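# Commentary on secondary and tertiary structure
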Amino acid sequence: MSVTEPRKPIEVRTGVDSVWARLRVEAAAASAEEPILASFLNAAILRHDNFADALAYRLAAKLADAQLDTMLAHDVALEAIEGDPEIVEQAAADMLAVDERDPASVSLLQPFLYFKGFHSLQAYRVAHWLWKEGRQNLAFHLQSRISERFGLDIHPAARIGKGVMIDHATSVVIGETAVVGDDCSLLHEVTLGGTGASHEDRHPKVGRGVLIGAGAKVLGNIEIGDNARIAAGSVVLKPVPAGCTVAGVPAKIVGDCCPQPARSMDQNLPDGAG
């Protein structure tokens, strides 16, 4: 999209409205409480008409570099959002997931303004849209920039659902043919990696509501069932049934899982496991 072309209004579905309204209220309160941040909060949130515009602005501020300045990065983000308005709904769901699951988040402002797990996931969504549109060179450029800026690597062809939290994000790797279902939680240093060097479907398929603990490595084209839990530091080489907890190197089933592990973030192993 040329910077000289008039931009079409972005259609934002009503499900995002309550998130946007809450974010604005929190931004206004923070601005009054800390006047030194008033200009920043106005530019990032309060001056925008809707969540989509604010999201595009925030991503541009984070992704701009010498090759893609802030204005061009903003255009790319807006083009993706206009091409797939679901990106905005996914971002709202991701932000609510962080607010629900991360005690360090005291309002929606923290993920939207500061949390690199949230930023990297939304930037991936733009790169993923570009990939689907056949614009692989620009998608790879964004992948590289995301890696440099946020310290993790998500291939733009990977498929990631909504309501996902990538906590801390540092050193997370998600490969090209990986799939992550809705409502999952991934902690730092998680790898969803492949096996072998051939160009084939070689990465994990993670179901809904899965919790993957810090440092866990899930390798190969294997299925991780819905609401499973993978203990921190585990190496998973075989499929994991739904509702199970696995731990160890290599990982083995050590018991059933707590209800909705990705939401509760309960990482305690069942009694007698270990």
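Our structure is the block above this text.
Residues numbered from 1 in each chain as written. Predicted model: local features only at pLDDT ≥ 70, side-chain atom pairs only at ≥ 80, totals over all residues. Heavy atoms only, no water.

We now examine the sheet that holds strand 7 (residues 191-193). Within the open sheet, the five strands sit side by side as 1-4-7-10-13. Their pairing is parallel. Only two strands of the sheet have a single neighbouring strand rather than two, namely strand 1 (153-154) and strand 13 (235-236). Pairing of strand 10 (residues 217-219) with strand 13, which is carried by two bridges, proceeds in the parallel orientation. Counterpart to Val218 in the pairing with strand 13 is Val236. (Pairing = 2+ DSSP bridges. Helix = DSSP H or I, 4+ residues; strand = E, 2+ residues; numbered from the N terminus.)

Evaluated as defined, the whole model comprises 13 salt bridges. Two residues, Glu100 and Arg263, come together in a salt bridge whose shortest N-O distance is 3.0 Å. Taken as a pair, Glu100 in helix 5 (residues 86-101) and Arg263 in helix 9 (residues 261-264) lie far apart in primary sequence, 163 residues in all. Assessed through its relative accessible area of 45%, Glu100 is described here as partly exposed. The exposure class assigned to Arg263 is partly exposed, which follows from its relative accessible area of 31%. The partner of Asp183 in a salt bridge is Arg263, and the shortest N-O contact between them spans 3.7 Å. Within this pair, whereas Asp183 is found in the loop between strand 5 (179-180) and strand 6 (185-186), its partner Arg263 is found in helix 9, the two being separated by 80 residues in sequence. Each of the salt bridges in this network shares a partner with another, and the network as a whole consists of Glu100, Arg101, Asp182, Asp183, Arg208 and Arg263. (Salt bridge = Lys/Arg side-chain N within 4 Å of Asp/Glu carboxyl O. Buried < 20%, exposed > 50% of the residue type's maximum accessible area, 1.4 Å probe, protein only.)

On to unusual backbone geometry, then. Residue Pro250 is bonded to the preceding Val249 through a cis peptide linkage, with omega at -10°. Relative to the helices and strands, Pro250 is located in the loop between strand 14 (244-247) and strand 15 (252-256). Positive phi values are uncommon outside glycine, yet Asn227 reaches one of about 55°. Inspection of the secondary structure assignment puts Asn227 in the loop between strand 11 (223-224) and strand 12 (229-230). Taking relative accessible area as the criterion, Asn227 reaches 34% and is therefore assigned partly exposed. The backbone of Gln260 shows a phi angle near 45°, a positive value even though the residue is not glycine. Inspection of the secondary structure puts Gln260 in the loop between strand 15 and helix 9. Judged by relative accessible area, which is 48%, Gln260 ranks as partly exposed.

So, about helix 3 (residues 51-63). Taking 1.5 Å of rise per residue, 13 residues should cover 18 Å, and helix 3 covers 18 Å from first to last C-alpha, within 8% of that figure. Of all 13 residues in helix 3, eleven are buried; the element is thus mostly enclosed. For helix 3, the N-terminal capping position is held by Asn50, with its side-chain oxygen 3.2 Å away from the main-chain nitrogen of Ala52. (Expected span 1.5 Å × (residues − 1). Polar contact = N/O pair within 3.5 Å; in protein donor to acceptor, adjacent residues only side chain to side chain.)

Phe51, Phe112, Leu192 and Ile224 are the most contacted members of the largest nonpolar core, which totals 75 residues. In terms of residue count, helix 7 (residues 116-132) provides more of this core than any other element does, nine residues in total. The next biggest cluster of nonpolar side chains, apart from the first, holds five residues, and it includes Val98, Leu187, Leu211 and Met265. (Core = buried A, V, L, I, M, F, W, Y, C linked by side-chain atoms within 4.5 Å.)

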